[in-house]
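This is what each chain is made of:
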Amino acid sequence: MIGISTTVLSSRYAQVFEDGLGCYTGEPVGFRLREGATPVFMRARPLAFALREPVDRALDQLVSDGIITPVECSDWATPIVPVVKSDGSIRICADYKLTLNKWLEIDRYPLPRIDDLLVKLNGGDKFSKIDLSQAYAQFPLDDTKKFTTINTHKGLFQYNRLVYGLASSPGIFQRKLEQMFADLPTVGVYLDDVIITAKNDDDHLKILCQVFDRLLKYGLKIKKEKCTFFADSVTYLGFVISREGVSACSSKVEVINKMSSPQNVSELRSFLGMIMYYAKFVKNLSTILSPLYELLKKDVRFVWSKACQAAFEEIKRKLQSSEVLAHYSSELPLVLTTDASSTGVAAVIAHRTPAGERPVAYASRVLSSAERHYSQIEKEALAIIYGVQKFHQYLYGRKFLLKTDHKPLVTIFGDKAGIPTMAASRLQRWAVIMSGYHFDIEYVRSEDNGADALSRLITGSDRKVRSEITYLNYVQNFLPITSTDIKKATSKDPILVKVMMYIASGWPAYCDDENLKPYHTRRNELYMEAGCILWGYRIIVPSVFQSKILQELHVGHVGMVKMKSTARSYVWWPGIDAAVERVCRECAACVAESSAPPRAPPKPWPYITEPWTRLHVDFLGPIENESFFVIVDSTTKWIEIFRMPRTTTSSVIKVLCETFSRFGLPRSIVSDNGPQFCSAQYDQFLQSNGIKKILTPTYHPASNGAAENAVKLCKKAIKKAKREGWIST
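Here the residue index of a chain counts from 1 through its sequence in written order. Thresholds applied to this predicted model are a pLDDT of at least 70 for local features of residues and 80 or more for the giving and counting of side-chain atom pairs; totals over whole chains, interfaces and linings are not thresholded and use all residues. Values reported for side chains reflect all heavy atoms of the structure, with hydrogen atoms and water molecules removed beforehand.

### Observations concerning the overall build of the protein
- Scanning the protein from terminus to terminus reveals 26 helices and 26 strands.
- The 729 residues of the protein split such that 51% are buried.
- Partitioning the intrachain contacts of the protein with sequence separation of at least 6 by distance along the chain shows that 72% fall at a separation of at least 24.
- Exposure was quantified through the Shrake-Rupley algorithm and a 1.4 Å probe, taking into account, for residues, occlusion by the shown protein chains and nothing else. Here the protein displays about 35,600 Å² of accessible surface, and carbon together with sulfur accounts for 52% of that area. Working definition: helices are DSSP H or I runs of at least four residues, strands are E runs of at least two. Numbering for both runs from the N terminus. Note on classification: 1.4 Å probe, protein chains only; a residue is buried when its accessible area is under 20% of the maximum for its type, exposed when over 50%, partly exposed between these limits. Whether two residues touch is decided by their heavy atoms; if any such pair falls within 4.5 Å, the residues are in contact.

See below:
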């Protein structure tokens, strides 16, 4: 019957099951901005060359699907975050937490109360769950789509569909689906989970057909592989629902049962720290824990006795009892606390009550062999993502408080700054996932972290995680060496070995090693991938390969600016800019074929109001075997010209003395670099008379323009006079 029913649904409603994007045929959805909202226009973030082609393809696909449309101008603009998907393609996401979300009048449509949903499902025999394909993107936006504009390297685009990451999207989505199925009493909707039941299979199939009729009518599609049909029981909002009724989900406390006993004082302190966090709800706690406290005393050997094990089991039972554990309520504030250790990640979801935080559910898992090589910041971020996805039904669509003991994540996942462009691709992807939730993030000390012990005292087998496609897959295609070569060289580089150790175990607050300081300043953006160290989308090159990379960057003898631009898209090491400049300056071919520096614009001599203060001198001729000495005053333009039988320094000094006797001494004399003006005798003459010598640049007569013009004028006058016989030769 079940197989036949599923086949009937698939054939009758093939349009609902087929791949592709549906489109809601009802009224377009929209959102509202608060009064006084100020447009926020943010520039497009820099994009690595290696990512431009896949990002272009992703944008073109969104345009062809009708999800986005190019626009010429917009008052609002949000930068994009390219996220690498598991299949190697790029998903375009918008970082709305810095722009639109700050001015949204958030649609706080109330989520259904758990009790009301359970009443709808009461008396059901079998249960089905339906998941909509690309749920938000199936709802077209009204005129408010102009506010969703994204800024990319290809220009501005606006979303035509409801977009993930907007604070109002969950409320809009919940309202539309509830309105769609409001008249079906045994259909429950909690955000993206649609659950269906009936008293028998025939009624169940009839209701399923009604649901699919609505989906077909409104043009919506579902994701078949995420749907469940005619199941005997389903887990829903932390409860196991079956024909027998509603029972608590054992997975909420399964983690506590699987906690291993502490093996040393450090693990014991971690466990006791968790216990004390919820101590106010446990009666006679000090009596129960007295054997454990004995192990913390000074000079006491750590021996885990039967009394310690009994106390350990008793306190675990208390943590699972109603004394501590609370039932989920949609009315009480929610707190999610996460933590990561070298072996596992853990999360605790709790309600904040007047008496303190009461846990609703616990969760933890062992890290895979690949995840154990994550940097500490990635492990802590993984714990947050694990907790959010584990408790998605509790958290999605309502505000909660997120607690972490890793301070950099407060910035990355918070709403004070954008998603860092140089963060690891995992962190960018996870930050986009978190942008779909409404939360405040808070830093807590490790001692106050209720999930600390769960991440350490954890048992279980190693998990297999499928290999990820990250920025390394794009960058290595543009390098003359493989990632395997870089991995081997990195493991032998003494500085990078220390960097890898700090990435895995955590960085110190201060760094005195000059070689490590460049890495320390970027410590929150460094991560390991396939044995290589990456800074954002740039691979860090060991010293043995740096010269080879520089040669590759300089292929074609590109200029310094182009080399730096290319390097910044693929590679990095301390001092790479200086190395690029050195390669360009030392390249013989580039130097030989480089253009001459541009001519400097002429700068006039400063004007002097006092006459006979600055003199310009130069030689004229020979004209018909005769030379002349020209003196011109820069202020009055008065010219003195002398016939010079000889052009020696002594002759020049004799003429100057005769001239000075008539007009007085000047303050400075401007001349070219002729031998007469560079001799020691000439220098001594000027110095003894307190006159400053000024020489013009070599091969640049224009610098002594006053003398040059006077020479031209005198030359013409002499030639004319000789032609007319006024001057005898």
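There's more to say after this.
### Considerations on the sheet that holds strand 19 (residues 532-535)
- Here, any two strands with at least 2 DSSP bridges between them count as paired. The four strands lie next to each other as 18-19-20-21, forming an open sheet whose pairing is mixed. Across the chains shown, the open sheet's two edge strands, defined by having one partner strand only, are strand 18 (526-529) and strand 21 (571-572).
- Of the pairings in the sheet, the one linking strand 20 (residues 538-540) to strand 21 comprises two bridges and is parallel in character. Within strand 21, the position partnered with I539 by the bridge is V571.

### Details of the pairing of strand 26 (residues 692-695)
- In the sheet, strand 25 (residues 668-671) pairs with strand 26 via four bridges, with the strands oriented parallel. Note that in strand 26 the partner of S668 across the bridge is K692.
- Since strand 25 and strand 26 lie parallel, the crossover through helix 25 (residues 680-688) that links them has a hand, and here it is right-handed. Handedness of a crossover is defined as follows: orient the strands so they point away from the viewer, and if the path from the first strand over the helix to the second runs clockwise, the crossover is right-handed.

### Considerations on the pattern of salt bridges
- For salt bridges, the criterion is a side-chain nitrogen of Lys or Arg within 4 Å of an Asp or Glu carboxyl oxygen. Following the criterion strictly, the structure yields 23 salt bridges and no others.
- One salt bridge connects K564 with E581, and the closest N-O pair in it is separated by 2.6 Å. Of this pair, K564 sits in helix 21 (residues 560-570) while E581 sits in helix 22 (residues 576-586), placing them 17 residues apart in sequence.
- Notably, a salt bridge pairs R585 with E581, separated by 3.8 Å at the nearest N-O pair.

### Considering the packing of helix 21 against helix 22
- Relative to each other, helix 21 and helix 22 sit at 145 degrees, their axes nearing to 10 Å. Of the two elements, helix 21 crosses helix 22, and the hand of that crossing is right-handed. Side by side, helix 21 and helix 22 meet where M560, M563, K564, A567 and R568 of the first sit next to I576, D577, V580, E581, V583 and C584 of the second.
- Polarity classes work like this: nonpolar for Ala, Val, Leu, Ile, Met, Phe, Trp, Tyr, Cys and Pro, charged for Asp, Glu, Lys and Arg, and polar for all others, with Gly in that last group. Across the contact of helix 21 with helix 22, the residue classes break down as seven nonpolar, no polar and four charged. Fitted lines through C-alpha atoms give the axes, limited to the stretch in contact for helices. The angle between two N-to-C directions lies from 0 to 180 degrees. Each crossing gets its hand from how the near helix is turned against the far one by less than a right angle, where anticlockwise is left-handed and clockwise is right-handed.

### Description of helix 20 (residues 543-553)
- Among the residues of helix 20, F545, Q546, I549, L550 and L553 are the ones counted as buried. Viewed along the axis of helix 20, the buried residues span an arc of 150 degrees, placing them on a single side of the element. Looking at helix 20, the residues exposed on the side facing more than 90 degrees away from the buried face are V544 and Q551. To be clear, the arc concerns the directions from the helix axis to the C-beta atoms.

### Looking at the sheet that holds strand 17 (residues 439-443)
- Spatial ordering of the open sheet is given by 15-14-13-16-17, a layout of five strands whose pairing is mixed. In the strand order of this sheet, the two ends are held by strand 15 (356-366) and strand 17, each with one partner. Adjacent strand axes in the sheet meet at a mean angle of 20 degrees, parallel and antiparallel pairs treated alike.
- With five bridges joining them, strand 16 (residues 400-404) and strand 17 adopt parallel strand pairing. Within the sheet, the bridge partner assigned to T404 lies in strand 17 and is Y443.
- In this fold helix 11 (residues 376-390) packs onto strand 13 (334-340), strand 14 (344-353), strand 15 and strand 16, with an angle of close to 140 degrees to the strand it touches most, strand 13.

### Digging into the environment of Y437
- Here Y437 shows up in the loop between helix 14 (425-434) and strand 17.
- Along the chain, Y437 and R398 lie 39 residues apart, while their C-alpha atoms are 7.7 Å from each other.
- Leaving out residues up to four positions away in the same chain, Y437 has contacts with Y164, V388, H392, L395, Y396 and F400.
- A polar contact is formed between the side chain of Y437 and the side chain of H392, at a distance of 2.7 Å. Two N or O atoms form a polar contact when they lie within 3.5 Å of each other; inside protein one atom must be a possible hydrogen donor and the other a possible acceptor, and for residues adjacent in sequence the pair counts only when both atoms belong to side chains.

### Quick look at the packing of helix 9 (residues 285-294) against helix 10 (residues 306-320)
- In contact at an axis separation of 7 Å, helix 9 and helix 10 are set at 140 degrees when each is read in the N-to-C sense. Handedness of the helix 9/helix 10 crossing: left-handed. Of the residues in helix 10, those touching helix 9 at L285, I288, L289, P291 and L292 are A307, C308, A311, E314, I315 and K318.
- For the contact of helix 9 with helix 10, the per-class residue count stands at nine nonpolar, no polar and two charged.

### Notes on unusual backbone geometry
- Here H557, not a glycine, exhibits a phi torsion of approximately 55 degrees, which is positive.
- Along the chain, H557 falls in the loop between helix 20 and helix 21.
- Among the residues examined, H557 registers a relative accessible area of 45% and is labelled partly exposed.
- Positive phi, close to 60 degrees, is recorded for W612, a residue that is not glycine.
- Here W612 lies in the loop between helix 23 (588-592) and strand 22 (614-623).
- A relative accessible area of 10% means that W612 is categorised as buried.

### Some thoughts on the packing of aromatic side chains
- The pairing test for Phe, Tyr and Trp rings, Trp by its six-membered ring, is centres within 6.5 Å, and the orientation test on the planes gives stacked under 30 degrees, edge-to-face over 60, and tilted for anything in between. In the structure shown here, the tally under the stated rule is 24 aromatic pairs.
- Among the aromatic side chains, those forming a connected cluster through ring pairs are Y24, Y136, F139, Y164, F173 and Y218.
- Two limits define a charge over a ring: the Lys NZ or Arg CZ must be within 6 Å of the ring centre, and within 35 degrees of the ring normal. Against the face of F17 rests K224, its NZ or CZ located 5.7 Å from the ring centre.
- Over the aromatic face of W535 sits the side chain of R522, whose NZ or CZ is 4.7 Å from the ring centroid.

### Re the side chain of K176
- Mapped onto the secondary structure, K176 falls in helix 5 (residues 169-180).
- In this tally, Asp and Glu contribute negative charge and Lys and Arg positive charge; neither His nor the terminal groups of the chain are included. Lacking a salt bridge, the buried K176 has E27 as its closest oppositely charged neighbour, with an N-O distance of 7.3 Å.
- Not counting chain neighbours up to four residues away, the residues in contact with K176 comprise Y24, E27, V29 and F139.

### Digging into the nonpolar core
- Take the buried Ala, Val, Leu, Ile, Met, Phe, Trp, Tyr and Cys residues and link them wherever side-chain atoms come within 4.5 Å; each set so joined is a nonpolar core. I92, I130, F212, L215, L395 and F413 are the most contacted members of the largest nonpolar core, which has 100 residues in total.
- For F212, the contacting residues outside a window of four places in its chain are L9, Y13, V16, F17, I130, I222 and F229.
- Among the nonpolar cores identified, the runner-up in size contains 36 residues, and M500, L516, W572 and C584 belong to it.

### Overview of the state of the cysteines
- Only a pair of cysteine sulfur atoms within 2.5 Å qualifies as a disulfide here. In total, this model carries zero disulfides according to the counting rule given.
- C587 provides the cysteine sulfur closest to C590, a residue in no disulfide bond, and the two sulfurs are 3.4 Å apart.

### A short note on helix 18 (residues 494-505)
- Multiplying 1.5 Å by the residue count of a helix minus one yields the expected span of that helix. Taking 1.5 Å as the rise per residue, helix 18 with twelve residues should run 16 Å; its terminal C-alpha atoms sit 17 Å apart, in good agreement.
- Taken together, the buried positions of helix 18 are occupied by L496, V499, M500 and I503. Viewed along the axis of helix 18, the buried residues span an arc of 100 degrees, placing them on a single side of the element. The exposed set on the far side of helix 18, more than 90 degrees from its buried face, consists of P494 and S505.
- Against helix 11, helix 17 (483-492), helix 19 (517-520), strand 18, strand 19 and strand 20 lie the buried residues of helix 18.
- The N-cap residue of helix 18 is D493: its side-chain oxygen and the backbone nitrogen of I495 are 3.0 Å apart.
- Of the residues trailing helix 18, G506 is marked for its positive phi of about 110 degrees.

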